[in-house]
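Results of the structural survey
Each chain, written out:
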Amino acid sequence: MSLHGTVAEGFEPVRDAFARNFTALGERGAAVAVYRDGRKVVDLWGGTRDVDGTPGTEPWRRGTAQVVRSATKGVAAAVPLLLHRRGELDLDAPVGEYWPEFKAHGKERVLVRHVLNHRAGLPVLDRPLSPEDALDPLRGPAAVAAQSPVWEPGTDHGYHALTYGWLLDELVRRVSGGRGAGQWIADEIAGPLGLDLWVGLPAAEEEADRAGRVGRLAEPEPSRPGSGPRLRPKRSVTEAYENPESLTRRAFAAITPFPDQNDPVYRAAALPAANGIATADGLARFYAALIGEVDGVTRGVRLFDRATMELARAEESAGPDRVLVVGTRFGLGYMLHGSASPFLGPGSFGHPGRGGSLGFADPEAGIALGYVTNGFRKTVTADPRAQALVRAVRASLAQGPS
């Protein structure tokens, strides 16, 4: 299996770690991109574009995109923060001020910031949505509006795995005159920055066969040389995922059964919590634009000013997560560096995708990283393949300036 792309001098450890992901961790197809101070220093890809990797499967090429699952949340979070910067959305206003129907069943005191910091108390639906209803832009928000909180809003936090998307999308629609988060991202973020990144894959991109097929990967054999240590979740975490009555199982089952992620209908819908499609470069370039200017034809385009960036990464929630059953840290829409999801350092902010993908930025180091894969593992917040790449970036920086 050959790798393709380029690595700037000093970032060779990232290339080595990326190669080991294939030889030791069972990677089928993936790409990683890293920017430093707005300049791309890593651009690598390899394997097959489709997870099955059968004979005749096309190779992963420059520009191959994949579903990035919850890494979508970090992209979507930029929308309300930018609306706030423009004075169109008050983070401390009740959600019901913008969305009157939402006030039902004791949700009058849910604030906009509670949606972003996972403190709204709405991680589950008493009546899970079918795939058809979940992809409808009206039915998902209506279901959340009809739901009662499972804890007093603002008093605790728990990962809103799927409901986050409907909450955020409807807020954006109410503020933007009917324009949902997916269209907002296309118009205001991906378009100006030239990103290969979509929340709602356009028909032209589907016809161009931009997105590969994703799927589950078997776990590496524990005795396989070089496979490294097996990550064993705590018993409490395992039990939470096995118990159909737990908040954990119910949060991830808010859509039942879950749609086929390779279905063009699913990819065309806009679920800001779960179905973004991106290249590694698109994800990395997005994060690079959150912390500074980016080289190339879009030089001078920057998404966040300093104040907005600090809002994004200021700790809003920390400690035991009522859904993920581990200690998590959140800013406004972004996971923060911590034991559950290690990034580069204390100031890093971003978001992983369940089973693999990762995007984050570290302003102090000037680093932005995007990693996408077509093979999903059981991991939720810290996939070993992504973590190997993060450690390699850290090692590259420790060697000195490139």
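Treat the numbers as computed from the prediction; the structure is a model and nothing was measured. Per chain, the residues get numbers from 1 upward, laid out in the order the sequence is written. pLDDT decides what is reported in this predicted model: residues at 70 or higher carry local features, side-chain atom pairs at 80 or more are listed and counted, and totals for whole chains, interfaces and linings draw on all residues regardless. Hydrogens and waters are ignored; side-chain quantities use all the structure's heavy atoms.

**Topic: the packing of aromatic side chains**
Applicable threshold: Whether two aromatic rings pair depends on their centres lying within 6.5 Å, for rings of Phe, Tyr and Trp, where Trp uses its six-membered ring; planes under 30 degrees apart make the pair stacked, over 60 edge-to-face, and the rest tilted. Put simply, DSSP H or I for four residues or longer makes a helix, DSSP E for two residues or longer makes a strand, and each gets a number counted from the N terminus. Think of it in three bands: residues with accessible area under 20% of the maximum for their type are buried, residues over 50% are exposed, and the middle band is partly exposed, with areas taken using a 1.4 Å probe on protein chains only.
Here the structure, examined in full by the defined rule, presents eleven aromatic pairs. Note on Tyr159 and Phe252: the rings are 6.4 Å apart at their centroids and 50° apart in plane angle, and the pair reads as tilted. Of this pair, Tyr159 sits in the loop between helix H6 (139-145) and helix H7 (163-175) while Phe252 sits in helix H11 (residues 247-252); the two residues are 93 residues apart in sequence, bridging distant segments of the chain. With respect to class, Tyr159 is no different from Phe252; both count as buried. Here Tyr287 and Tyr334 contribute two aromatic rings whose centre-to-centre distance is 6.3 Å and whose plane-to-plane angle is 75°, an arrangement assigned as edge-to-face. Of this pair, Tyr287 sits in helix H13 (residues 280-291) while Tyr334 is found in the loop between strand E9 (327-330) and strand E10 (335-336), placing the two residues 47 residues apart along the sequence. Each member of the pair, Tyr287 together with Tyr334, is buried. An aromatic cluster is present here, built from Tyr159, Tyr241, Phe252 and Phe330 joined pairwise through their rings.

**What about empty space enclosed by the protein?**
This is how it is decided: Cavities and pockets are defined on a 1 Å grid built over the protein atoms alone: a cavity is a set of grid points where a 1.4 Å probe fits but cannot escape, while a pocket is an open set with protein on both sides within 12 Å along at least five of seven lines, and lining residues are those with an atom within 4 Å of any such point. Grid points are joined across faces, edges and corners, and a volume is the space filled by probe spheres set on the points. The residue classification treats Ala, Val, Leu, Ile, Met, Phe, Trp, Tyr, Cys and Pro as nonpolar and Asp, Glu, Lys and Arg as charged. All others, Gly included, are polar.
Evaluation of the coordinates by the stated rule reveals four cavities of 30 Å³ or more. If you add up the space inside the largest cavity, you get close to 60 Å³. If you go around the largest cavity, you meet 14 residues; those closest to its centre are Pro352, Ser357, Thr381, Ala382 and Asp383. Looking at side-chain class alone, the lining of the largest cavity contains six nonpolar, seven polar and one charged residues.

**Overview of the packing of H7 against helix H8 (residues 181-193)**
Put simply, the rule is: Lines fitted to C-alpha atoms define the axes, with helix axes restricted to the stretch in contact, and inter-axis angles between N-to-C directions lie between 0 and 180 degrees. Angle categories: roughly parallel below 35 degrees, roughly antiparallel above 145, roughly perpendicular from 65 to 115, and oblique for all the rest. In this description, contact between two residues means that some pair of their heavy atoms is separated by no more than 4.5 Å.
The contact between H7 and H8 brings their axes to 8 Å, and the two run at 65°. The angle between the axes of H7 and H8 places the two elements in the roughly perpendicular class. Facing Leu168, Asp169 and Val172 of H7, the residues of H8 in contact are Ala181, Gly182 and Trp184. The residue makeup of the contact of H7 with H8, split by class, is four nonpolar, one polar and one charged.

**A closer look at the layout of surface pockets**
Volume-wise, the second largest pocket comes out at about 470 Å³. Arg69, Phe252, Phe258, Gln261 and Arg354 are, among the 18 residues lining the second largest pocket, the residues nearest its centre. Mapped onto the lining of the second largest pocket, the elements with two or more residues apiece are strand E6 (215-216) and H11. At three residues, the largest contribution of residues to the lining of the second largest pocket is made by H11. When the residues that make up the lining of the second largest pocket are grouped by side-chain class, the tally is eight nonpolar, four polar and six charged.

**Looking at the nonpolar core**
Side chains of nonpolar character tend, in soluble globular proteins, to be buried together. Using the following cut-off: Residue types Ala, Val, Leu, Ile, Met, Phe, Trp, Tyr and Cys, when buried and joined through side-chain atoms within 4.5 Å, form a set referred to as a nonpolar core.
Judged by nonpolar contacts, the single largest core of 77 residues is most densely connected at Trp166, Ile189, Phe286, Leu290, Phe304, Tyr334 and Phe349. Counting 38 residues, the second-largest nonpolar core is a separate cluster that includes Ala17, Tyr159, Ala251 and Tyr371.

**Thoughts on the environment of Pro272**
Locating Pro272 in the fold gives a position in the loop between helix H12 (264-268) and strand E7 (277-278). Taking the C-alpha atoms as reference, Pro272 lies 9.9 Å from Trp198; in sequence the two are 74 residues apart. If near-sequence neighbours (up to four positions away) are discounted, Pro272 is found in contact with Thr72, Lys73, Ala76, Tyr164, Gly165, Leu168, Asp169, Ala181 and Val199.

**A word on the pairing of strand E12 (residues 358-362)**
Filter applied, for reference: In short, DSSP must find at least two bridges between two strands for them to pair.
For E12, a buried count of five out of five residues is recorded, marking the element as mostly surrounded by other parts of the structure. A two-sided burial pattern is seen for E12, the buried positions comprising Leu358, Phe360 and Asp362 on one face and Gly359 and Ala361 on the other. Pairing between strand E11 (residues 349-352) and E12: four bridges, direction antiparallel. Residue pairing across strands places His351 opposite Gly359, the latter belonging to E12. The turn joining E11 and E12, which pair antiparallel and follow one another in sequence, is formed by five residues; a positive phi near 95° is taken by Gly355. Where E12 meets strand E13 (residues 367-373), five bridges bridge the pair, whose relative direction is antiparallel. Among the inter-strand pairings, Gly359 is bridged to a residue of E13, identified as Gly370. Hairpin connection of E12 to E13: four residues between the antiparallel strands, including Gly366 at a positive phi of 70°.

**Details of the environment of Asp383**
Spelled out, the test is: Polar contacts, as counted here, are pairs of nitrogen or oxygen atoms within 3.5 Å of one another; within protein the pair requires one atom able to donate a hydrogen and one able to accept it, and residues that are adjacent in sequence qualify only if both atoms are side-chain atoms.
By the element assignment, Asp383 lies in the loop between strand E14 (375-376) and helix H15 (384-398). A sequence separation of 234 residues divides Asp383 from Pro149, and the C-alpha atoms of the two residues are 30 Å apart. Among the polar contacts listed, one links the side chain of Asp383 to the side chain of Thr379, at a separation of 2.9 Å.

**Quick word on the packing of helix H1 (residues 12-25) against H15**
Applied cut-off: Crossing handedness: left-handed means the near helix sits turned counterclockwise from the far one by under a right angle, and right-handed means the same turn made clockwise.
The N-to-C vectors of H1 and H15 enclose an angle of 160°; their axes lie 8 Å apart at closest approach. One element, H1, and the other, H15, form an angle in the roughly antiparallel class. Seen from above, H1 lies across H15 with right-handed handedness. Of the residues in H15, those touching H1 at Pro13, Val14, Ala17, Phe18, Asn21 and Leu25 are Pro384, Arg385, Ala388, Leu389, Ala392, Val393 and Ser396. Residue classes in the contact of H1 with H15 are distributed as ten nonpolar, two polar and one charged.

**Side note on the confidence of the model for the protein**
To keep it simple, the criterion reads: A residue's pLDDT is simply how confident the predictor is in it, with values from 0 to 100.
When pLDDT is averaged along the protein, the result is 94; 94% of the residues meet or exceed 70. Contacts from residues 225-231, a stretch scored under 50 in pLDDT, to residues over four places away or in other chains number twelve contacts.

**Digging into the environment of Thr57**
One can find Thr57 in the loop between strand E3 (39-47) and strand E4 (66-67). The sequence separation of Thr57 and Gly215 amounts to 158 residues, and the corresponding C-alpha distance is 15 Å. Contact partners of Thr57, with chain neighbours within four places excluded, come to Thr48, Asp50 and Asp52.

**A short note on the sheet that holds E7**
One open sheet accounts for three strands, arranged E4-E7-E5; its pairing is antiparallel. Each edge of the open sheet is held by one strand with a lone partner, namely E4 and strand E5 (197-198). As judged from the two bridges shared by E5 and E7, these two strands associate in the antiparallel manner. Bridge pairing in E7 places Leu197 opposite Ala278.

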